[in-house]
Amino acid sequence: MGKVGIIMGSKSDLPVMQDAIDILQGFDIETEVDIVSAHRTPEKLFDYSKNAHSRGISVIIAGAGGAAHLPGMVASMSPLPVIGVPVKSSNSIDGWDSILSILQMPGGVPVATVALNGAKNAGILAAQIIGSSDKCVLDKILAYKEGLKLKVIDSSKDLKK
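Residues numbered from 1 in each chain as written. Predicted model: local features only at pLDDT ≥ 70, side-chain atom pairs only at ≥ 80, totals over all residues. Heavy atoms only, no water.

Visitor: Honestly, the overall build of the chain in this entry has me stumped. Any pointers?
Guide: Broken down by element type, the chain carries six helices and five strands. Counting from the amino terminus, helix and strand elements in the chain follow one another as β-α-β-α-β-α-β-α-β-α-α. Taking 161 residues into account, the globule formula puts the C-alpha radius of gyration at 15 Å, and the chain, at 16 Å, falls close to it. Reported as C-alpha extents along the three principal axes, the dimensions of the chain are approximately 55 × 35 × 30 Å. The buried share of the chain, reckoned over its 161 residues, is 43%. (Helix = DSSP H or I, 4+ residues; strand = E, 2+ residues; numbered from the N terminus. Rg over C-alpha atoms; globule rule 2.2 N^0.38 Å. Buried < 20%, exposed > 50% of the residue type's maximum accessible area, 1.4 Å probe, protein only.)

Visitor: Looking at this model, I keep getting lost on unusual backbone geometry. Mind explaining?
Guide: The phi angle at Asp28 is positive, at roughly 60°, despite the residue not being glycine. Phi angles above zero are rare outside glycine, and Asn117 is one such case at about 60°. Structurally, Asn117 can be placed in the loop between β5 (112-113) and α5 (119-131).

Visitor: Explanation requested: the sheet that holds strand β1 (residues 3-8) in the structure shown.
Guide: Within a beta sheet, neighbouring strands are joined by backbone hydrogen bonds and run either parallel or antiparallel to one another. The five strands lie next to each other as β2-β1-β3-β4-β5, forming an open sheet whose pairing is parallel. At either end of the open sheet lies a strand with only one pairing partner, and these are β2 (31-35) and β5. Of the strand pairs in this sheet, strand β4 (residues 82-87) and β5 are connected by two bridges, and their pairing is parallel. Directly across from Gly84, in β5, lies its bridge partner Thr113. Against the sheet, helix α4 (residues 96-103) contacts β3 (57-65), β4 and β5, and its axis sits at roughly 165° relative to β4. (Pairing = 2+ DSSP bridges. Contact = heavy atoms within 4.5 Å. Axes fitted to C-alpha atoms, helices over the stretch in contact; angles between N-to-C directions.)

Visitor: In this structure, what is going on with the packing of aromatic side chains? I would like to understand it.
Guide: When we look at a pair of aromatic rings, we describe it by the centre distance and by the angle of the planes. Throughout the structure, instances matching the rule amount to one aromatic pair. Ring centres of Phe27 and Tyr144 lie 5.5 Å apart, and the angle between their planes is 75°; this geometry places the pair in the edge-to-face category. In this pair, Phe27 is assigned in the loop between α1 (14-26) and β2 and Tyr144 in helix α6 (residues 135-160), connecting sequence segments 117 residues apart. Assessed through its relative accessible area of 22%, Tyr144 is described here as partly exposed. (Phe/Tyr/Trp six-rings, centres within 6.5 Å; stacked < 30°, edge-to-face > 60°.)

Visitor: So what exactly am I meant to see when it comes to a nonpolar patch on the surface here?
Guide: Where nonpolar side chains cluster on the molecular surface, the patch consists of Trp96, Leu100 and Leu103 and spans about 330 Å² of accessible area. Locating Leu100 in the fold gives a position in helix α4. Among the residues examined, Leu100 registers a relative accessible area of 40% and is labelled partly exposed. (Patch = residues over 30% accessible without salt bridge, like charges linked within 9 Å, V, L, I, M, F, W, Y side chains within 5 Å. Areas by Shrake-Rupley, 256 points an atom, 1.4 Å probe, with all protein chains shown as cover. Salt bridge = Lys/Arg side-chain N within 4 Å of Asp/Glu carboxyl O.)

Visitor: How should the pattern of salt bridges be read in this particular structure?
Guide: Close approach of charged atoms allows side chains of opposite charge to pair. Tallying each qualifying case throughout the model produces seven salt bridges. Of the charged contacts in the structure, one is a salt bridge between Lys44 and Asp34, with a shortest N-O distance of 3.1 Å. Separated by 10 residues along the polypeptide, Lys44 in helix α2 (residues 42-51) and Asp34 in strand β2 bring together distant segments of the chain. With a relative accessible area of 34%, Lys44 lands in the partly exposed category. Between Asp139 and Lys135 there is a salt bridge, with the nearest N and O atoms lying 3.0 Å from each other. In this pair, Asp139 and Lys135 both sit in helix α6, four residues apart, roughly one turn of the helix. Residue Lys135 is classed as exposed on the basis of its relative accessible area of 58%.

This is the structure:
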């Protein structure tokens, strides 16, 4: 089974990124969590990006706020799929700076980007990527999606009572 690397630019991003950790743990997918700042620890960023695949990581989720260079820089050096989570941080301009920094990648350097503070969806997407080649994970995703459907059906029934 694949492992997901979850990195963020600073500890203040952890409350948002915790949603990715939690959803992946719910799918029994191992995570490796770390703080890697594109601007304050560039050497660590280079090492992480170039070597994550050799440590058994299959997908990287990178959360960043403000200028939000972390996901794109990781994607520029890693052969792995990278999912960017724009984080609305204290130095952010309503989150749009983070969203656009992660979303507007040049051709050849893709970063899958989720919604502002959308770490839960990043975790689900990482699980789906792993599930495309791991039947055990795929079965858990199918059960999760069935649970979402049943929750809506139950809510609809409750509304009509």
